[in-house]
Each structure stands twice: as structure tokens, then as C-alpha cells.
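Topology and contacts: notes
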Amino acid sequence: MKEVIIELKELKKGYSGQLVLDIPSMDIFSGESLGLVGNNGAGKTTLFSLVLDLIRASKGEVLSKGSNVAQSENWKHYTGAFLDESFLIDFLTAEEYFNFVGKLHGWNPTDVSNFLQGYEEFFNGEVLGKKKYLRDMSKGNQKKVGIVAALIGDPEIILLDEPFANLDPSTQIRLKRLINDISKDRTVLISSHDLAHVTEVCNRIVVLDKGAVVKDLETSEETLRELESYFAV
């Protein structure tokens, strides 16, 4: 039987009286790769922000391994995430930032350097050794830094918001390989507007519309066509 690692219970988030997220119940299972799709304003980033306790729910709770993320910090030790460039420290170089994140996880610079060797193909010679501040890097290279930094500390749960945006086609292909690799033994949550990419790398797809779950699909050969038909209406 699958182990539930994240539970959403009566989860609601509203702003100025307008409900932007309303999920009565949803379980996310250990080892699952879950893709969250929906149009702008569907509630994808709001949901990820609630899972990471970046914002507080208007009602309900998010449980990670049984603990409410708003009342415990245990989840931070096994959760990695990159939502946007605000996660970066823009006056650091890539190496300085990786070492900073590594230090938070008890890694020394040698640990970090050894870890980064496994991502040389993904970086494609465009990130390390450039002596550039993160703020001076392209959006795509900033994203590469954020995604790899989210993997430092070997987290059990990884959240990536729009990971394919601002990446060139070659990097998108490398990222799909990377996600498929890390999904083998971890729980990965991805939000994306790219239906084709997300169905390639996720074994479950959840569709949000105006804050509500309208589809919850196990990925199959028919999933992409079903999603395209839904969004074409």
C-alpha cells in the first residue's frame, strides 16, 4: 500500500474575500511524481506556497509526514523547492550560493563540489566558473541554479514551479532526464503550463481550475489528449 507523504485537508485560501484555492481533500504519496496543471490564476503557485508554509491557509491544513507544516519545521529538513528567482541570493555567484545552501544542510564545500559534478551536463558549461553574480545571469541559467540548489541535501520531497519556463529546448530535454532520474526514489511535485512535458515526467496529473481540483489522472498514453481536449474548450 502506498504511503501518504503530504495530505491536504479542507484547504482553503482567500484574498479580500475571494476564494483562490479550495481543496477538501487530497493525498500525495511517497515516491509519486505529480504534475499540477491549470491556466493562470488556477491556484498552482498558491498551493505550492501553502505546502512550503510561505503563506498561511484561510482554513484547513497541509500535513507533511503527518505534521502540520504551519506548526512544525521538521518538514524543512527533507523538502527542497524552487518556485522563482526570489529563492536565490542575487549578489552571490553560483558557487557561493550552492555553498550557502550546502552549509544549511551541513555540507562542506567539498561535499558541494562533489555533488555539483553530477550536474555538469545539465549546466552545459554555462553556470559554474563564470564569476558572475546570479543577478547578471540569464533567466534560464538562474533557473538551472535554483533547480539544482533544491536538490542539495538529498531531499525526499521536491517542489518545482514552472521548471521548463525560460529554458531553451536542449535544456528542457536535459531537465526531463533529470526529473525522471530524481523521481525514481523521491516525491516530486511540478507545476507547469507545458502539458506535453509534464505528462512525460509525471505519473499523476492534477488539474486545477479556479482553485478547485477538476481532474486527477494517472498518466497514460491518453492523458495528453485528454488534457488538450479539456483546455481547448
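Read on for a plain summary of the structure.

Basis of the calculations
Residues numbered from 1 in each chain as written. Predicted model: local features only at pLDDT ≥ 70, side-chain atom pairs only at ≥ 80, totals over all residues. Heavy atoms only, no water. Pairing = 2+ DSSP bridges. Helix = DSSP H or I, 4+ residues; strand = E, 2+ residues; numbered from the N terminus. Axes fitted to C-alpha atoms, helices over the stretch in contact; angles between N-to-C directions. Contact = heavy atoms within 4.5 Å. Phe/Tyr/Trp six-rings, centres within 6.5 Å; stacked < 30°, edge-to-face > 60°. Buried < 20%, exposed > 50% of the residue type's maximum accessible area, 1.4 Å probe, protein only. Salt bridge = Lys/Arg side-chain N within 4 Å of Asp/Glu carboxyl O. 1 Å grid on protein atoms, 1.4 Å probe; cavity = no way out; pocket = protein on both sides within 12 Å on 5 of 7 lines; lining within 4 Å. Points joined across faces, edges and corners; volume = space filled by probe spheres on them. Nonpolar A, V, L, I, M, F, W, Y, C, P; charged D, E, K, R; others polar. Polar contact = N/O pair within 3.5 Å; in protein donor to acceptor, adjacent residues only side chain to side chain.

This brings us to the sheet that holds strand E8 (residues 187–191). On the basis of which strands lie adjacent, the open sheet formed by six strands has the order E6-E7-E8-E3-E9-E10 and mixed pairing. A single partner strand is all that each edge strand has here, and the edge strands are strand E6 (79–82) and strand E10 (212–218). For this sheet, the mean angle separating the axes of adjacent strands, direction not counted, is 15°. Bridge analysis of strand E7 (residues 157–161) against E8 gives five bridges, and the strand direction is parallel. Bridging from a neighbouring strand, Leu159 pairs with Leu189 of E8. Docked against the sheet, helix H5 (residues 139–149) engages E6 and E7, running at close to 170° with respect to E6.

In this section: the packing of aromatic side chains. Two numbers describe a pair of aromatic rings. These are the distance of the centres and the angle of the planes. Going through the model one piece at a time under the given rule, you end up with six aromatic pairs. Ring centres 6.2 Å apart and planes at 85° place the aromatic pair Phe82 and Phe87 in the edge-to-face group. You can call Phe82 buried: its relative accessible area is 2%. Judged by its relative accessible area of 27%, Phe87 is partly exposed.

What the rule picks out here adds up to 14 salt bridges. Here Lys184 and Asp181 are joined by a salt bridge, their closest N and O atoms 3.6 Å apart. We classify Lys184 as exposed; its relative accessible area is 69%. The exposure class assigned to Asp181 is partly exposed, which follows from its relative accessible area of 43%. One salt bridge connects Glu226 with Lys215, and the closest N-O pair in it is separated by 3.2 Å. In this pair, Glu226 is assigned in helix H8 (residues 223–232) and Lys215 in strand E10, connecting sequence segments eleven residues apart. Accessibility expressed as a relative area gives 32% for Glu226, which makes it partly exposed.

Now for unusual backbone geometry. For residues other than glycine, phi is negative in most cases, and the peptide bonds are mostly trans. Positive phi values are uncommon outside glycine, yet Lys65 reaches one of about 50°. Within the secondary structure layout, Lys65 lies in the loop between strand E4 (59–64) and strand E5 (67–68). According to the relative accessible area criterion, Lys65 is partly exposed, its value standing at 39%. In this structure, Glu162 is a non-glycine residue whose phi angle is positive, near 50°. In this structure, Glu162 sits in the loop between E7 and helix H6 (169–182). Since its relative accessible area comes to 16%, Glu162 is described here as buried.

The next subject is the layout of surface pockets. The probe, sized like a water molecule, is rolled over the atoms to show the empty space still left. Computed from the structure, the largest pocket encloses a volume of approximately 580 Å³. Lining the largest pocket are 20 residues, and of these Lys76, Thr79, Ala81, Leu104 and His105 sit closest to its centre. Among the elements of the structure, E6, helix H2 (94–104) and H5 are those that each provide at least two residues to the lining of the largest pocket. Looking at the second largest pocket, the residues that line it are Phe115, Gly118, Tyr119, Glu121, Phe122, Arg174, Arg177, Leu178, Asp181, Ile182 and Arg186. Secondary-structure elements contributing two or more residues to the lining of the second largest pocket are helix H4 (120–123) and H6. Within the lining of the second largest pocket, the residues separate by chemical class into five nonpolar, one polar and five charged.

Take the side chain of Ser191 next. By secondary structure assignment, the location of Ser191 is in strand E8. Within the structure, Ser191 has its side chain in polar contact with the side chain of Asp161 (distance 2.2 Å).

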